[in-house]
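The primary structure of each chain is shown beneath.
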Amino acid sequence: MSATSSTAPPAPAAAPKGAFFNPTVARLTYRALLGRRRALILFALPAMLVVIAVLVRALTGADDTTASGILGGFALGTMVPLIGVIAGTGAIGPEIDDGSVVYLLAKPVPRSTIIFTKLLVAIGVTAAFSAIPVLVAGFVLNGNSQQIAVAYAVAAAVALVAYSALFLLFGTITRHAVVFGLVYALVWEALVGTLVPGARTLSVQQWALAVGQKIGAEGALSSDVQLPLAICLLIGVTAAATWYAGRRLKVLTLAGEE
């Protein structure tokens, strides 16, 4: 990966030893994620969810089954992983592709700090554009009957942490991170992980549903994964993806090549 950018971003201040957050890296990442084209997509998906919720409520009234279908099928099954792809890969992928990542690597900022800061930013952006709209849509659809709105919002929040770490990792290992992320989100999560019983154990969506199932009323949400296993898998995938993303960043040279 060769560096082609000629304009260096502001130099990140050196992070104290052991620090896991760098404000300058965070500011640069926020700016990259909320650029014009990404921001349009980030706003479009939650806006669509809320509009659908308003129309459904106006046409059919409050209905728990319909609310679960929309929040589980469209929101948690499609919107949350797609926003995770945009935020996770966008937090670092473009910087590696255009070579501007070399300016970060040249500064005395630990690679682990860069990755962890970018992960926190990706989680924050994903939460703002997915978990909060899910909560709003849930209250619009059925007024949080059976704790459905809160349960799906918590499930979305839990899922977006794992998605952000996973797609951030994709951004460090391939130039086609968005493509791989979309394949995972739309093929594995939305199709295989929903229809194939054996594959559901390896679905972030199912892990998150197990957490939401604990919050919602009995029968409001369902998951094929038991809660203790779901929590272990969520933590394990998030930790492993974050660690390996940091390791991948460490092997990048200042020329932008491994």
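What comes next concerns the included structure. Worth saying up front: this structure is predicted, and the values here are computed from it rather than measured.

What about the overall build of the chain?
Along the backbone of the chain there are 10 helices and zero strands. Starting at the N terminus and walking to the C terminus, you meet the elements of the chain as α-α-α-α-α-α-α-α-α-α. Within the chain, buried positions represent 48% of all 258 residues. Across the chain, the fraction of contacts at a sequence separation of at least 24, relative to all contacts at a separation of at least 6, is 75%. Of the roughly 11600 Å² of accessible surface on the chain, 68% is carried by carbon and sulfur atoms.

What about the packing of aromatic side chains?
In this structure the tally under the stated criterion is five aromatic pairs. On the numbers, 5.8 Å between centres and 5 degrees between planes, the contact of Tyr 163 with Phe 167 is stacked. Taken together, the positions of Tyr 163 and Phe 167, both in helix α7 (residues 148-173) and four residues apart, correspond to about one turn of that helix. Accessibility classification places Tyr 163 together with Phe 167 in one group, the buried group. Ring geometry for Phe 167 versus Tyr 184: centroids 6.0 Å apart, planes at 70 degrees, classification edge-to-face. Of this pair, Phe 167 sits in helix α7 while Tyr 184 sits in helix α8 (residues 177-195), placing them 17 residues apart in sequence. Look at Phe 167 and you get buried, because its relative accessible area is 0%. The exposure class assigned to Tyr 184 is buried, which follows from its relative accessible area of 16%.

Remarks on the environment of Val 85
Note that Val 85 resides in helix α3 (residues 64-90). Along the chain, Val 85 and Thr 126 lie 41 residues apart, while their C-alpha atoms are 9.4 Å from each other. Beyond its immediate sequence surroundings of up to four residues, Val 85 is in contact with Gly 90, Phe 167, Val 178, Gly 181, Leu 182 and Ala 185.

Regarding the pattern of salt bridges
For the structure on display, the rule yields one salt bridge. For Glu 95, the salt bridge identified is with Lys 118, shortest N-O distance 2.6 Å. Residue Glu 95 is located in helix α4 (residues 93-98), and its partner Lys 118 is located in helix α6 (residues 111-142); the two are separated by 23 residues in the primary sequence. The two residues Glu 95 and Lys 118 agree in class, both being buried.

Points about α3
Of all bends in α3, the biggest is about 40 degrees, found at Ala 75. Of all 27 residues in α3, 20 are buried; the element is thus mostly enclosed. Backbone nitrogen of Thr 65 and a side-chain oxygen of the N-cap are separated by 3.2 Å at the start of α3; the cap is Asp 63.

Comments concerning the layout of surface pockets
Rolled over the atoms, a probe with the dimensions of a water molecule shows which regions are left empty. Each pocket or cavity is described by its volume, and for the largest pocket that value is around 280 Å³. In this structure, the largest pocket is lined by 14 residues; those nearest its centre are Arg 38, Ile 86, Thr 89, Gly 90 and Val 178. Of all the elements in the fold, those that place two or more residues in the lining of the largest pocket are α2 (36-60), α3, α4 and α8. The biggest single contributor to the lining of the largest pocket is α3, with four residues. The residue makeup of the lining of the largest pocket, split by class, is seven nonpolar, three polar and four charged.

Description of the nonpolar core
Counting 72 residues, the largest nonpolar core has Leu 71, Leu 76, Val 80, Val 134, Tyr 152 and Val 204 as its most contacted members. Per-element tally for this core: the top contributor is α7, with 16 residues. If near-sequence neighbours (up to four positions away) are discounted, Val 204 is found in contact with Ala 159, Ala 162, Tyr 163, Tyr 184, Glu 189 and Leu 234.

Observations concerning the environment of Thr 238
Note that Thr 238 resides in helix α10 (residues 227-250). Judged by its relative accessible area of 15%, Thr 238 is buried. Along the chain, Thr 238 and Ala 159 lie 79 residues apart, while their C-alpha atoms are 10.0 Å from each other. Non-local contacts of Thr 238, meaning those with residues more than four positions away in its chain, are made with Val 161, Ala 162 and Ala 165. In terms of polar contacts, Thr 238 uses its side chain to reach the backbone carbonyl oxygen of Leu 234, at 2.8 Å.

Concerning helix α9 (residues 204-215)
Owing to its 3.6 residues per turn, the α-helix brings residues three or four apart onto one side. Between its first and last C-alpha, α9 extends 17 Å over 12 residues, near the 16 Å set by a 1.5 Å rise per residue. A large share of α9 lies buried, amounting to nine of its 12 residues. When α9 is considered as a whole, its buried residues turn out to be Val 204, Gln 205, Gln 206, Trp 207, Ala 208, Leu 209, Ala 210, Val 211 and Gly 212.

Basis of the calculations
Residues numbered from 1 in each chain as written. Predicted model: local features only at pLDDT ≥ 70, side-chain atom pairs only at ≥ 80, totals over all residues. Heavy atoms only, no water. Helix = DSSP H or I, 4+ residues; strand = E, 2+ residues; numbered from the N terminus. Buried < 20%, exposed > 50% of the residue type's maximum accessible area, 1.4 Å probe, protein only. Contact = heavy atoms within 4.5 Å. Areas by Shrake-Rupley, 256 points an atom, 1.4 Å probe, with all protein chains shown as cover. Phe/Tyr/Trp six-rings, centres within 6.5 Å; stacked < 30°, edge-to-face > 60°. Salt bridge = Lys/Arg side-chain N within 4 Å of Asp/Glu carboxyl O. Bend = angle between axes of the 7 residues up to and from the residue. Polar contact = N/O pair within 3.5 Å; in protein donor to acceptor, adjacent residues only side chain to side chain. 1 Å grid on protein atoms, 1.4 Å probe; cavity = no way out; pocket = protein on both sides within 12 Å on 5 of 7 lines; lining within 4 Å. Points joined across faces, edges and corners; volume = space filled by probe spheres on them. Nonpolar A, V, L, I, M, F, W, Y, C, P; charged D, E, K, R; others polar. Core = buried A, V, L, I, M, F, W, Y, C linked by side-chain atoms within 4.5 Å. Expected span 1.5 Å × (residues − 1).

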